[in-house]
Amino acid sequence: MSATANRDDRLATANLGVAVAAFGVAAFMAFMQALSRANLELPGRSAGMYYLSVTAHGVLMAIVFTTFFIMGLGVAFTNAGLERRLRYPRTAWAAFWIATLGTVMATWAIVTGKATVLYTFYPPLQAHPAFYIGLTLVVVGSWVWSFVILSTWTAWRNEHPGQATPLEVYGMLAAIIVWLVATIGVAAEMLFQLIPWSLGITETVDPMLARTLFWYFGHPLVYFWLLPAYVVWYMVIPRLAGGKLFSAQLGRVVFAMFIVLSTPVGFHHQYMDPAVPSGWKMLHTFLTFIILFPSFVTAFTITASLEVAGRARGARGLFDWIGKLPWGDPTVSSVLLAMILFAVGGFGGAVNASFATDSVVHNTAWIQGHFHLTVGTAVALTFMGTAYWLVPRLTGRELELGLLAKVQPYLWFLGMLLFSIANHITGLMGMPRRVFDATYQGSAIAERWQSLTAISAAGGVLLFISSTFFLLVMLGTVLAGKKTASREIQFSETLQPEPASSSIFDRLGVWAAIAVVLVLIAYAYPIYSHLSMPTFGSPGYKPY
Amino acid sequence: MTTMRVGIYERAWMWAAGVLIVLFLAMLGYAAVAQGLRPPSHIETIDPRAVFDDPRFANPGVTAGPDGRVIVTSLAMTFAFQPAEIRVPANRPVSFGLTSSDVQHGFQIVGTNANTMVIPGYVSEFTTVFKRAGEYLIVCNEYCGVGHHLMSSKLIVEAAP
Ligand code: HEM
Ligand SMILES: [Cu+2]
Ligand SMILES: [Cu+2]
């Protein structure tokens, strides 16, 4: 039997294809933004274009690129991990098309200037209904995809009673549960608030309720991005680096903790908001620090696995295993560099999570410096590296333009270093984020930011070159890659023996139930008391 | 969990990570209880379509409050703050009260930790002390439309006479 008989490779490839296309468009917009921010006179540069472009970049990167990539990865890893086709391939195709239709609708609304509300779409800024409906369809598509993956897993479980779920699938299932719990918030915001309001069915919305629902969704969203990247770190990289995973069971602990703790932390995005009680913000602060734990454990497990790989390649001393790792393999180097920048991002995250220090950096350029390290590198660079390894196996074509692929992660790393450091510093100096032009009518205070915005722009140029390399490699591979028969998708072996049978970790329903209880504790009362307080709604505004 | 075989390294690391987090939490808890360091918050509503007639915001500006504190009310709107210039004394508690007459805005005094969201329908409030006399730039730090980057005002902190 061929390697691909049990697989839905065309579906996985289609999802990755939309992801890469969205990435390409968004990277181009980002390039223009970074230059614009440094006040370079580009043709057609205007405030309206800038904010339109930031909206497109945010939506296409943070929502479209990530969601489609994860859907593609989920299909491929479910196939390969369970050695089984999807249970409902046609339904999974429907999911793809629903999400694609939603993407087209939202993108249309953005590029025609009808939805310059940024990817956070805080009301009472109001967009065209197609924007909200389009994004809702993306989420609906992802729900249908989630259903297909979950039911494929339950079918597998019935066929393999008592067997432990392989970690590469376990991690994807954890991401799916986090996503299902999280999207309740944004779905409620869309269906009860924004869609009826943008259609003129209701006259006003409550902006605070919308913020709370958005951030109920917005924080766990980051774990929906991160967990699939962790799956690659755990189950792909040790093997490619020539070693073994230190312990898969520890990975299960990590993913189960994320299921439980991802959602009840959203108020840490609302420290500076009125109308959210201080005590509830405090509770979310505590939970935010607890959720650092699984990431600490991941840092240990992956580092230990890499050390195992380095020693297997002949390292003897304390640290020379680092040099022995295959830094020339674009998948491995992408992940290693992503991990380094993620560690830096983690320190910044601790600053954001502490409300006293957050008051200095809230909504400044620091924030954009921060999340370009986390989602913009830890996740996005991991995904690009994953594509170098996965796309040849899905399409049966060898990676083309391998030299560009080798250079690309390093360019990204350098570009992001410049971009991110500059933005962290200007943020500390008080420069706000999301501004077309940060000169403030020649203010002497704003003058001090200007040389740093130029460094950020230089980083943007490197990032754009890196993005172009990635796109060329992808296009070259799909269009001109040599046919290859080596299409096996193999995962890491583990150093500690895998448990022979399923354990409490495989009872995902239990973990999901604990998650729901914690969410109720963290949110039910604050939302209830907000709803029972007399509030005033706002009509829509379109000042763009 | 009987099937779990965690090596000695793993266990040491998990303990270290756990202790670190407990330390963080203890620090936060201590600061909250002993120093009253809690997340800022203020719960008060206002009709965003009637802010210009509301006595709280009809005359935004600086007034003297009880207990020697200075009270500043400021109104955010696309794309300006009212008043455009605020004068307060140094080394005295200054309480800010803010709201928006249209979309969401931010209010950030550059170079300080004075920073709050300004949300239509709600009043934001916080108190701070300016130690350094001089001119400060106030910027809107939440996207509010095509003139977002133009939305700013001035704070002048005057040395106590
Ligand atoms: C191609 C390299 C990239 C460059 C040069 C770049 C640059 C930028 C710039 C200049 C902004 C606008 C900042 C502002 O005005 O506040 C921005 C915003 C943003 N970027 Fe990127 N970026 C890149 C890649 C990414 C990636 C890979 C992601 C995530 C997967 C991402 C996610 C975002 C998000 C979510 C925003 C916020 C938009 C908003 O504030 O509404 N970016 N980026
Ligand atoms: Cu968060
Ligand atoms: Cu603004």
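Each chain carries its own residue numbering, running from 1 in the written order of its sequence. To label them, take the chains in the order written and letter them from A, then take the ligands in the order written and number them from 1. Per-residue local features of the predicted model are confined to residues with pLDDT of at least 70, and side-chain atom pairs are confined, for both listing and counting, to 80 or more; whole-chain, interface and lining totals are unaffected and use all residues. Think of the side-chain values as coming from all heavy atoms in the structure, minus any hydrogens and water.

This part covers the packing of aromatic side chains. Residues and elements named next belong to chain A. A pair of aromatic rings is counted whenever rings of Phe, Tyr or Trp (Trp by its six-membered ring) have centres within 6.5 Å, and the orientation is called stacked for planes under 30 degrees apart, edge-to-face for over 60 and tilted otherwise. A complete count under the given rule lists 49 aromatic pairs over all chains for this structure. Measuring from centroid to centroid gives 6.2 Å for Phe77 and Trp389, while their planes differ by 80 degrees, and the two rings are edge-to-face. Linking Phe77 in helix H2 (residues 47-82) with Trp389 in helix H14 (residues 365-395), this pair joins segments that are 312 residues apart in sequence. Comparing Phe77 with Trp389 shows no difference in burial state: the two are buried. Aromatic pair Phe214 and Phe217: ring centres 6.0 Å apart, planes at 75 degrees, arrangement edge-to-face. Within this pair, Phe214 and its partner Phe217 are both found in helix H6 (residues 207-235), separated by 3 residues, close to a single helical turn. You can call Phe214 buried: its relative accessible area is 3%. Here a strand is any run of E in DSSP of at least two residues, a helix any run of H or I of at least four, and the numbering for each starts at the N terminus. In this scheme, a residue with accessible area under 20% of its type's maximum is buried, one over 50% is exposed, and one in between is partly exposed, where area comes from a 1.4 Å probe on protein chains only.

Take the nonpolar core next. With 210 residues, the main nonpolar core has Phe77, Phe121 and Phe131 of chain A as its most contacted residues. By residue number, the principal contributor to this core is H2 of chain A, which donates 23 residues. Residue contributions to this core reach at least three from each of two domains, namely domain 1 (1-37) and domain 2 (44-158) of chain B. Setting aside residues no more than four positions away along its own chain, Phe77 of chain A makes contact with Leu82, Glu168, Val169, Met172, Val231, Val232, Val236, Trp389 and Phe491 of chain A. Working definition of a nonpolar core: buried Ala, Val, Leu, Ile, Met, Phe, Trp, Tyr and Cys residues. They are joined through side-chain atoms within 4.5 Å. Ranked by size, the runner-up nonpolar core spans 11 residues in total, among them Met431, Ala438 and Ile445 of chain A together with Leu137 of chain B. Delimitation of the domains relies on an automatic or database domain assignment. We call two residues contacting when some pair of their heavy atoms lies within 4.5 Å.

Right, let's talk about the coordination of the copper ion (ligand 3) for a bit. Distances from the copper ion (ligand 3) to its protein donors, Cys140 of chain B (SG), Glu142 of chain B (O), Cys144 of chain B (SG) and His148 of chain B (ND1), fall within 2.1 to 2.5 Å. Considering all 4 donor atoms around the copper ion (ligand 3), the spread of angles at the metal, 84 to 128 degrees, places the coordination shape in the irregular class. A donor here means any N, O or S atom no more than 2.8 Å from the metal (3.2 Å for Na, K and Ca); water is not included, so a site may seem to lack partners. A four-donor site is called tetrahedral if each angle lies between 85 and 135 degrees; a four-donor site is square planar, and a six-donor site octahedral, when trans pairs exceed 155 degrees and the remaining angles lie between 65 and 115; all other cases are labelled irregular.

With respect to the helices, strands and loops of the structure, Val517 of chain A is situated in helix H18 (residues 508-531). Residue class for Val517 of chain A comes out partly exposed when judged on its relative accessible area of 47%.

For the rest of this paragraph, the subject is the coordination of the copper ion (ligand 2). All names here are of chain A. His219 (ND1), His268 (NE2) and His269 (NE2) make up the full set of protein donors to the copper ion (ligand 2), lying at 1.6 to 2.1 Å. Every donor residue of the copper ion (ligand 2) comes from the same chain, spaced as H-x48-H-H. Note that His219 is positioned in helix H6 and His268 in the loop between helix H8 (248-261) and helix H9 (278-290), a separation of 49 residues in sequence. For the pair His219 and His268, a shared accessibility class is recorded, and that class is buried.

All names here are of chain B. Strands qualify as paired when DSSP identifies two bridges or more between them. The strand order across the open sheet built from 5 strands is E4-E10-E9-E6-E7, with neighbouring strands paired in mixed fashion. Taken across any chain shown, the strands that pair with only one partner, and hence form the sheet edges, are strand E4 (85-89) and strand E7 (115-118). Adjacent strand axes in the sheet meet at a mean angle of 20 degrees when their direction is disregarded. Lines fitted to C-alpha atoms define the axes, with helix axes restricted to the stretch in contact, and inter-axis angles between N-to-C directions lie between 0 and 180 degrees.

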